[in-house]
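# An overview of the molecular structure
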Amino acid sequence: MDLVQISKNIRKSILQMNSRSFASHSGTALSTVDILVILYFKIMNIDEKNSLLKNRDKFILSKGHGSSALYATLAEKGFFDKKLLDGFYIDGGLLPGHLDKEAVPGVEVSSGSLGHGLSIGLGMAIANKVDKLDNHVYVMCGDGELNEGSVWEAIMFAPHQQLNNLTLIIDYNKLQGYGKTNEVINLEPLNEKLKAFNWDVIEIDGHNFEEIEEALLRKNSKPKVIIAHTIKGKGISFMENEFLWHYKSPNKEELIQALKELK
Ligand SMILES: Cc1ncc(C[n+]2csc(CCOP(=O)(O)OP(=O)(O)O)c2C)c(N)n1
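Keep in mind that this is a model prediction, so the values were computed, not measured. (Residues numbered from 1 in each chain as written. Predicted model: local features only at pLDDT ≥ 70, side-chain atom pairs only at ≥ 80, totals over all residues. Heavy atoms only, no water.)

## A few points about the pattern of salt bridges
Applicable threshold: Criterion for a salt bridge: a side-chain nitrogen of Lys or Arg within 4 Å of a carboxyl oxygen of Asp or Glu. Strands here mean DSSP runs of E at least two residues long; helices mean DSSP runs of H or I at least four residues long; both are numbered from the N terminus. For each residue, the accessible area found with a 1.4 Å probe, counting protein chains only, is set against the maximum for its type, and the residue is called buried under 20%, exposed over 50%, and partly exposed in between.
Taken as a whole and judged by the stated rule, the model has eight salt bridges. Linking Lys63 and Asp171 is a salt bridge whose minimum nitrogen-to-oxygen distance equals 2.6 Å. Of this pair, Lys63 sits in the loop between β1 (58-61) and α4 (67-77) while Asp171 sits in strand β3 (residues 166-172), placing them 108 residues apart in sequence. For the pair formed by Lys63 and Asp171, the shared burial category is buried.

See the structure below:
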């Protein structure tokens, strides 16, 4: 399995989808791709032919505005036909701009309103314990999303429930919708804060496949949080760390240039 090629295919799909529909959030989607590749192609117990398998692992993209990345990953994995990606965020298309669990096989939670995914994942992790299922729940939040107080309620509650079947991944790309995260509301010292809330904290380069896999596989007795240092717009030189690409959609020329970089 060529993970590098898979990540390139997903990045390509994201750019084509966002360009076709004039959608925002290309940078948002691109920072998540390498983590999604390891989760969906190496870690999670899932069946693309049976998306509702009872004892499946679950992934929640709480930063639902990065929907194009999850749709592209699910299509790459075979949950649905890649042709459906052409209907992303357009009238009559089947893939809504923000994530919709009713409309798309493999999407576990509808999201887009920030701050809810971790609490929902926490509930699923508790339900797994009650049902004596040993399946894992993974939730990805954006760094700006941690501005939502509801996230910190869940961060406080998960260790109290001893949820060792829950992993939070923070996509720490240092940018959000209003600028730099450390200028809007500084999260630092994030590692120490999460440790103080009694989580197992791991810090990694969120684009390094080995580091991502090792962090996801590491055994934990408490809920685990992976602080993944990522780059918004990762993979496309003119999008990397550029705030503009939170909002802008690639025009024809930009799309051609970006796809060239992914060859
Ligand atoms: C409850 C809520 N408030 C505001 C927004 C508007 N909004 C969309 S994206 C975004 C910034 C998110 O930043 P971050 O979580 O860092 O994600 P990134 O795009 O940087 O990966 C905001 C505030 C929203 N979607 N939901």
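Once you've had a look at it, read on.
## Re the UniProt feature "transmembrane region" (unreviewed entry) in the protein
The cut-off we apply is this: UniProt positions are given in the numbering used here, feature names are shortened, and annotations may be inferred rather than shown by experiment.
Under the UniProt annotation, "transmembrane region" (unreviewed entry) lies at residues 21-41. Each end of residues 21-41 is marked by a C-alpha atom, and these two atoms are 27 Å apart; helix forms 71% of the span and strand 0%.

## Points about the pairing of strand β2 (residues 137-142)
Heads up, the condition is: A pair of strands counts as paired when DSSP detects no fewer than two bridges linking them. With its strands directed away from the observer, a crossover is right-handed exactly when the path from the first strand over the helix to the second travels clockwise.
Summarising burial for β2: six of the six residues are buried, a large majority. With burial as the criterion, each face of β2 is covered, one bearing Val137, Val139 and Cys141 and the other bearing Tyr138, Met140 and Gly142. Pairing of β1 with β2 involves four bridges; the strand directions are parallel. Across the sheet, the residue bridging to Phe59 is Tyr138, located in β2. With six bridges connecting them, β2 and β3 associate as parallel partners. Counted as the bridge partner of Gly142 is Asp171 from β3. Each parallel crossover has a hand, and the one from β2 via helix α6 (residues 149-160) to β3 is right-handed.

## Quick word on helix α5 (residues 117-130)
The condition that has to hold: Expected span of a helix, by definition, is 1.5 Å for each gap between consecutive residues, and there is one gap fewer than residues. Relevant arc is that of directions from the helix axis to the C-beta atoms, nothing else.
For α5, which comprises 14 residues, the first-to-last C-alpha distance of 20 Å matches the rise-based estimate of 20 Å (1.5 Å per residue) to within 8%. Of the positions making up α5, those classed as buried are Gly117, Leu118, Gly121, Leu122, Met124, Ala125 and Asn128. One side of α5 carries all its buried residues, which in axial view fall inside an arc of 160°.

## With respect to the packing of α5 against α6
Operational definition: Comment: axis = line fitted to C-alpha atoms, over the contacting stretch for helices; angle = value between 0 and 180 degrees taken between N-to-C directions. Roughly parallel refers to an angle under 35 degrees, roughly antiparallel to one over 145, roughly perpendicular to one between 65 and 115, and oblique to any angle outside these ranges. Two residues qualify as a contact provided that any one of their heavy atoms is within 4.5 Å of a heavy atom in the partner residue.
Running from amino to carboxyl end, α5 crosses α6 at an angle of 25°, the nearest separation of the two axes being 8 Å. When the interaxial angle is binned, α5 and α6 end up roughly parallel. Across the interface between the two elements, Leu118, Ser119, Leu122 and Ile126 of α5 pack against Ser150, Val151, Ala154, Ile155, Phe157 and Ala158 of α6.

## Here we look at the site of the ligand
Here is the rule we go by: Here a residue counts as near a molecule or strand whenever at least one of its heavy atoms sits within 4 Å of it. Two N or O atoms count as a polar contact when they lie within 3.5 Å, although within protein this holds only if one can serve as hydrogen donor and the other as acceptor, and sequence-adjacent residues are included solely when both atoms are side-chain atoms. Methods summary: accessible areas were calculated by the Shrake-Rupley approach with a probe of 1.4 Å, and residue burial reflects only the protein chains presented. The nonpolar class holds Ala, Val, Leu, Ile, Met, Phe, Trp, Tyr, Cys and Pro. Asp, Glu, Lys and Arg form the charged class, and all remaining residues, Gly among them, are polar.
Taken together, 18 residues surround the ligand, and among them Thr28, Lys63, Asp143, Leu175 and Lys232 come closest. For the ligand, an oxygen atom lies 2.7 Å from a polar atom in the backbone of Leu175. In the environment of the ligand, an oxygen atom lies 3.4 Å from a nitrogen or oxygen atom belonging to the side chain of His246. Coverage of the ligand by the protein amounts to 79% of the 590 Å² it exposes when considered alone. Looking at the shell around the ligand residue by residue, the class counts come to three nonpolar, 10 polar and five charged.

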